[in-house]
Amino acid sequence: MNDIDAWVWWLIGAAALGIPLVITAMPEFGMFAVGAVAAAAVAGLGFDVVVQVLTFVVVSVALIAVVRPIAARHSAQRPQLATGVDALKGKQAVVLERVDGSGGRIKLAGEIWSARSLDTDRAYEVGQEVDVVDIEGATAIVI
């Protein structure tokens, strides 16, 4: 055990920190693993154990302090590209069958959708253009 270089132990530690990263998807483990790789590089250059441990701590803490807030900010942002039914909200459609509070049919984005009026007292006739304000299941809510 004594004939194994310190840099090898740091790489083993980095690999060991990579396992919980994959299992738990907690990015902090990846930052600790990068700190261990940095310590392995310092060990490979011949520095003593104190410098190696300081390198591990400084790199790990710096990564957590810098990367974690950036990652939290990005995860809190809504995607800029709307997909699925979210992409259909705000689109215009053409009435194919009379649409009122109880139902009807529209042509939306090249497809035929069931639809109903947002205002139950309002009706839209065939050929009229309507705006989609929401999608509930497979029914477009229009005004």
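A brief report on the enclosed structure follows. Each residue is numbered by its place in its chain's sequence as written, counting from 1. Per-residue local features of the predicted model are confined to residues with pLDDT of at least 70, and side-chain atom pairs are confined, for both listing and counting, to 80 or more; whole-chain, interface and lining totals are unaffected and use all residues. Neither water nor hydrogens contribute to the side-chain values; these are computed over all heavy atoms in the structure.

Notes on the pattern of salt bridges
A side chain with one charge may pair with a side chain of the opposite charge, provided their charged atoms come close.
Okay, step 1: When a carboxyl oxygen of Asp or Glu is within 4 Å of a side-chain nitrogen of Lys or Arg, the pair counts as a salt bridge. If you walk through the whole model with that rule in mind, you get 6 salt bridges.
Okay, step 2: For Arg98, the salt bridge is made with Asp100, and the minimal N-O distance between the two is 3.0 Å.
Okay, step 3: Take Arg98: its relative accessible area is 42%, and that puts it in the partly exposed class.
Okay, step 4: Taking the shortest distance from any N to any O, the salt bridge between Arg116 and Glu136 comes out at 2.4 Å. Placement of Arg116 in strand 3 (residues 111-117) and of Glu136 in strand 4 (residues 129-136) is noted, with a sequence separation of 20 residues between them.
Okay, step 5: Remark: exposure states derive from per-residue accessible area (1.4 Å probe, protein chains only) relative to the maximum for the residue type, with buried under 20%, exposed over 50%, and partly exposed in between. On the accessibility criterion, Arg116 (28% relative accessible area) is partly exposed.
Okay, step 6: Residue Glu136 is classed as partly exposed on the basis of its relative accessible area, which comes to 43%.
Okay, step 7: Overlapping salt bridges, with partners in common, bring together Asp86, Lys89 and Asp134 in one network. Numbering goes from the N terminus for both helices and strands, where a helix is a DSSP run of H or I of at least four residues and a strand is a run of E of at least two.

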